[in-house]
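Chain by chain, the residues run as shown.
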Amino acid sequence: MKRVDIDEVEVQNNPIGVHEERRPVSVALGTESFAMNFFRLEPGESFSGGLHTHHDQEEVFYVEEGEATFTVGREGDDEVVVEGGELIRFAPGEFQVGANTGEDELVGWALGAPKARHDWGEIESVVYCRDCGEETGHGLELTDDEQFRLTCLNCDNSFVP
């Protein structure tokens, strides 16, 4: 058994600076088969850096307080609003990005299984490719200096945002 106080879990934010408070609770608890991250998002901040999917993990988001809008689908052509007290689930392979689109702070949780940590090679993001000239799927890896490196799946153009 291991017990933690959420306020004592160290803040570890996304390397591209899309939020101010993300606390990796699963790291603090030492879980191996379950990911759990606590978020406190100000208006305009997001859970992640953009439209993406985890091919190896399903995700559930619980909005404890506030309101999140999730853009879903590979083309980002659908939106779902999730309010305080509601949850939303994404299967492996479903594209999504969630953000605080409300006027108040959002308190929420991102939960994932069957792994406690991401396999960066199993994440695909949809971003603008400078070489292709359009939004395409990009593979993601974490560099040695803890930055994201995105690589276009169409032309192999690679960059750190």
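Notes on the structure follow. (Residues numbered from 1 in each chain as written. Predicted model: local features only at pLDDT ≥ 70, side-chain atom pairs only at ≥ 80, totals over all residues. Heavy atoms only, no water.)

### Regarding the packing of aromatic side chains
Put simply, the test is: Put simply, two rings from Phe, Tyr or Trp (the six-membered ring, in Trp's case) pair if the centres are within 6.5 Å, and we call them stacked under 30 degrees between planes, edge-to-face over 60, tilted for the rest. A helix here means a DSSP run of H or I that spans at least four residues, while a strand means a run of E at least two residues long, and both kinds are numbered starting from the N terminus. Note on exposure labels: buried denotes an accessible area under 20% of the residue type's maximum, exposed denotes more than 50%, and partly exposed covers the range between, all computed with a 1.4 Å probe on protein chains only.
A full pass over the atoms with the stated rule returns seven aromatic pairs. An angle of 70° between the planes, with centres 5.0 Å apart, marks the rings of F38 and W109 as edge-to-face. Of this pair, F38 sits in strand β2 (residues 35-41) while W109 sits in strand β9 (residues 106-113), placing them 71 residues apart in sequence. Seen in terms of ring centroids, F47 and F61 are 5.0 Å apart; in terms of plane orientation they differ by 55°. Their pairing is tilted. With F47 in the loop between β2 and β3 (52-54) and F61 in strand β4 (residues 58-65), the pair connects residues that are 14 residues apart, well separated along the chain. You can call F47 buried: its relative accessible area is 6%. Taken together, the ring pairs in this structure connect F39, F47, F61, F70 and F90 into an aromatic cluster.

### Considerations on unusual backbone geometry
Looking along the chain, the bond that leaves A113 and enters P114 is cis, with omega of 20°. Counting through the fold element by element, P114 comes out in the loop between β9 and β10 (123-129). Backbone geometry at D156 places phi at a positive 70°, although glycine is not the residue there.

### Considerations on the side chain of E21
What counts, and what does not: Polar contact is defined as a pair of N or O atoms within 3.5 Å, subject to the rule that within protein one atom must be able to donate a hydrogen and the other to accept it, and that residues adjacent in sequence are counted only when both atoms are side-chain atoms.
Its location among the elements puts E21 in strand β1 (residues 21-24). Using a relative accessible area of 12% as the deciding quantity, one classes E21 as buried. A distance of 2.6 Å separates polar atoms of two side chains, one belonging to E21 and the other to R23. Among the polar contacts made by the side chain of E21, one reaches the side chain of R40 at a distance of 3.0 Å.

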